[in-house]
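Summary of the model geometry
This is what each chain is made of:
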Amino acid sequence: MQHEGIQPNELTYAMSLQACGILAESEESCLLEGQLMKAISLHIGRTLHGDVRAKGLDSDVFVGTALLSMYGKCRAITEAESAFFSLSQQDVVAWNALMSAYLEQREGRKALQVYNQIHEKGMNPGQITFVLALQACGTLAESGESISQNDQPIWLISLHIGKVLHADAQRKGLVSDMIISNTLVSMYGKCGRLSRAEEVFEQLAVQDEVSWNSLIAGYGEHGYWEEAIDKFRQMQYKGISPDDVTFICTLKV
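The structure displayed is predicted, hence computed values, not measured ones.

In this model, the largest pocket occupies a volume close to 890 Å³. Arg-106, Gln-135, Thr-139, Ser-186 and Lys-190 are, among the 30 residues lining the largest pocket, the residues nearest its centre. Mapped onto the lining of the largest pocket, the elements with two or more residues apiece are helix 5 (92-104), helix 7 (127-141), helix 9 (178-190), helix 11 (209-221) and helix 13 (244-252). No other element matches the seven residues that helix 11 contributes to the lining of the largest pocket. Class assignment of the residues belonging to the lining of the largest pocket gives a composition of eleven nonpolar, ten polar and nine charged.

Right, here's the structure in full:
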């Protein structure tokens, strides 16, 4: 396009930045000319950012959110934060992108702080926001932090927040959403509440490979190895084909 002398606009930059993010999410061990894909993506993304800044487009919500998302997927969290605060308007999509960037860094606590800010600003969280917040609870529970405020274990705080999110999702009629329900199964599993994870799992209208994987991983992570193997057998009995995640979880067990 550039060789043809066609000038890029906001949409061109946004799609090119999205392409960098997709490339960054590809297998980290994948090399191109001796460099990791994430490093290549980040280099291209920074070059695009320079062009965007020169044209005064970095404050544009659409372009700025694409920048934020790209930096998040490349795990350049400082630059992601900078892109967020440079936005002329911070909508739910931008806040979601910031949450996602923190989750890429395994920063569950910061992601939940962002979720809290979304509520404080009176915004209405949708499916993606709930999924990210539930993932943040699971990430925080797995973080290895032993004690938090008021001498409570971090997993217990994560579980409490997860239950509040679950109740909120129920009030908004979002628990029938397959992605949210699967994330709930995963969150309860990571917080060690396997009976609750099983309960949510049983209420699913459709139990796909993601649902079974979340349950198998939850049992395996907390030392219930026989139960995890039993779930693997049940999954096959139900005619659900295991995928690569299923095999990884089960081989760990």
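Turning our eyes to something else, we now look at helix 9. Spanning 13 residues, helix 9 covers 18 Å between terminal C-alpha atoms, matching the ideal 18 Å at 1.5 Å per step. With ten of 13 residues buried, helix 9 lies mostly within the body of the structure. All of the buried residues along helix 9 are Ile-180, Ser-181, Asn-182, Thr-183, Leu-184, Val-185, Ser-186, Met-187, Tyr-188 and Gly-189. Buried residues along helix 9 sit against helix 7, helix 8 (154-171), helix 10 (194-202) and helix 11. One side-chain oxygen of the residue at the start of helix 9 lies 3.0 Å from the amide nitrogen of Ile-179, identifying that residue as Asp-177.

About the criteria used
Residues numbered from 1 in each chain as written. Predicted model: local features only at pLDDT ≥ 70, side-chain atom pairs only at ≥ 80, totals over all residues. Heavy atoms only, no water. 1 Å grid on protein atoms, 1.4 Å probe; cavity = no way out; pocket = protein on both sides within 12 Å on 5 of 7 lines; lining within 4 Å. Points joined across faces, edges and corners; volume = space filled by probe spheres on them. Helix = DSSP H or I, 4+ residues; strand = E, 2+ residues; numbered from the N terminus. Nonpolar A, V, L, I, M, F, W, Y, C, P; charged D, E, K, R; others polar. Expected span 1.5 Å × (residues − 1). Buried < 20%, exposed > 50% of the residue type's maximum accessible area, 1.4 Å probe, protein only. Contact = heavy atoms within 4.5 Å. Polar contact = N/O pair within 3.5 Å; in protein donor to acceptor, adjacent residues only side chain to side chain.

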